[in-house]
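Chain and residue survey
Here is what each chain is made of, one letter per residue.
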Amino acid sequence: MEKWKKEYVKSIRDTDNLPDYFSELNFREIRQVAEKYPFFANRYYVELASKHPEIKSVIIPDKRELEDEKGLEDPLGEERDSPVPGIVHRYPDRVLFLVHNVCPIHCRYCTRKRILGKKVNFGRHTWDKCIEYIKNHKEIFDVLISGGDPLLLNNSDLKYLIENLKKIKHVGLIRIGTRVPSAFPIRIDNDLITLLSNFLPIYINIHFVHPAEITREVENACLSLSGAGIILGAQIVLLKGINDDPGILKVLLKKLLNIGVKPYAIFHPDNTKGTSHFRLDIEKGISIIHSLRGYISGMAIPHYMVDLYPGGGKVEICYNYIKSRKGDTYGIENYKGELFEYR
Ligand SMILES: *Cc1c(COP(=O)(O)O)cnc(C)c1O
Ligand code: SF4
């Protein structure tokens, strides 16, 4: 068995093992929450969270998950836009291809919380139908492989998927959405790098939420991916109590550029049942992003996106710098809040 698999099977599922890492928690409460929304995390991330309390709430169940009356089970209406199981076809030229529901950790704020840890049938018979769908829809240019985490598939399965997608002439872009490089970097081994580097160009968007996640191991994983020619981006979720703070975000965004990862998007948290305690006002989100623009490298600024439910899709939310218009003259504010007349 590969080293990463040996490590993965030692992941912690039973909350009774958590006192080895955390002492101050209410374990009776945690156990109760985990019965509805299973706890799961590999040992690397559990150890990291035990040393960095700022990211503890990424993985530790919280009793507010059970008290959430507002959230929706399927906030994005993905099941409605799914022509075959595994495919979400919402935008004209691209599809989301959900390959399984296995993850390196269960993020408590996950949009697909409803299926995490549940038995769902995936495998080549499902994938073949998805690939067939993509093949039959010539308008599909961009395939976003996600899940669950595609990088936790066996190398042979991952190869099977990418190889078959690459064979489809109209598919011009393959991207993988993953949390593995940031939450289980041991998986980024030489065999995986070699496999991926056979299919260039390939884009990988890595999910990050906090600068504490950028460890030496994560840096090495990202550098070896980009060293092999893979183009790396970051997807961040804006979360109350974790990163809804310009100072923390600034450190995260700059550290990402430091390890060769371009911040691509920052998502407003979806209205998922069991995650309301992570949600913040859109106004607050706008003001956080606004406070960064101009003050740090433009390369570091991701698009701030809200995914409209049910099924409305993603919309970029921006601060409005245009303050007035008279004829052909606009009143436009700069990043410092100074007003200019622009003809
Ligand atoms: C996010 C998403 C995509 C990709 O959107 P981009 O704006 O191109 O990054 C595609 N399909 C679905 C269903 C999505 O949710
Ligand atoms: S890695 Fe992604 S899909 Fe998996 S639990 Fe976290 S947010 Fe959800």
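Above: the structure in question.
Heads up: these notes are all about the structure in this document. All values reported here derive from a predicted model rather than from experimental measurement. (Residues numbered from 1 in each chain as written. Chains lettered and ligands numbered in written order. Predicted model: local features only at pLDDT ≥ 70, side-chain atom pairs only at ≥ 80, totals over all residues. Heavy atoms only, no water.)

1. Comments concerning the sheet that holds strand β10 (residues 322-326)
- Across the sheet, three strands lie side by side as β10-β11-β12; this open sheet has antiparallel pairing. This sheet does not close on itself; its edge strands, each paired only once, are β10 and β12 (339-342). Averaged over all adjacent pairs, the angle separating strand axes in this sheet is 20°, with direction ignored.
- Sheet topology places β10 next to strand β11 (residues 329-333); four bridges connect them, and they run antiparallel. Residue Ser324 lies in a different strand from β11, and its bridge partner there is Gly331. (Pairing = 2+ DSSP bridges. Helix = DSSP H or I, 4+ residues; strand = E, 2+ residues; numbered from the N terminus. Axes fitted to C-alpha atoms, helices over the stretch in contact; angles between N-to-C directions.)

2. Some thoughts on the sheet that holds strand β7 (residues 262-267)
- Strand order in the open sheet formed by nine strands is β1-β2-β3-β4-β5-β6-β7-β8-β9, with mixed pairing between adjacent strands. Every interior strand has two partners, whereas the edge strands, β1 (87-91) and β9 (313-316), have only one. Averaged over all neighbouring strand pairs, the angle between strand axes comes to 25°, with direction disregarded.
- Examined bridge by bridge, strand β5 (residues 203-208) and strand β6 (residues 231-237) share six bridges and lie parallel to one another. The residue of β6 that forms the bridge with Asn205 is Gly233.
- In this fold helix α7 (residues 155-166) packs onto β2 (94-98), β3 (142-146) and β4 (173-178), with an angle of close to 155° to the strand it touches most, β4.
- Sitting on the sheet, helix α10 (residues 216-227) touches β5 and β6, and the angle it makes with β5 is about 165°. (Contact = heavy atoms within 4.5 Å.)

3. Focus on the packing of aromatic side chains
- Within the structure shown, the criterion is met by five aromatic pairs.
- Ring geometry for Tyr8 and Phe184: centres 5.7 Å apart, planes at 65°, overall edge-to-face. Of this pair, Tyr8 sits in helix α1 (residues 3-9) while Phe184 sits in the loop between α8 (180-183) and α9 (190-197); the two residues are 176 residues apart in sequence, bridging distant segments of the chain.
- When the centroid spacing of 4.8 Å and the interplanar angle of 70° are considered together, the rings of Tyr319 and Tyr321 count as edge-to-face.
- Classification of Tyr319 as partly exposed rests on a relative accessible area of 26%.
- According to the relative accessible area criterion, Tyr321 is partly exposed, its value standing at 21%.
- Three or more aromatic residues joined by ring pairs make a cluster, and in this case those are Tyr8, Phe40 and Phe184. (Phe/Tyr/Trp six-rings, centres within 6.5 Å; stacked < 30°, edge-to-face > 60°. Buried < 20%, exposed > 50% of the residue type's maximum accessible area, 1.4 Å probe, protein only.)

4. As for the nonpolar core
- Counting residues in each nonpolar core, the largest one holds 94 residues, and the members touching the most others are Ile59, Phe97, Ile134, Leu196 and Phe208.
- Setting aside its immediate chain neighbours within four residues, Ile59 contacts Phe39, Ala41, Tyr45, Val46, Ala49, Ile105, His106 and Arg108. (Core = buried A, V, L, I, M, F, W, Y, C linked by side-chain atoms within 4.5 Å.)

5. Regarding the site of ligand 2
- By nearness alone, every residue bordering ligand 2 is listed as Cys103, Ile105, His106, Cys107, Cys110, Leu116, Gly148, Arg179 and His207.
- Classifying every residue of the shell around ligand 2 gives five nonpolar, three polar and one charged. (Near = heavy atom within 4 Å. Nonpolar A, V, L, I, M, F, W, Y, C, P; charged D, E, K, R; others polar.)

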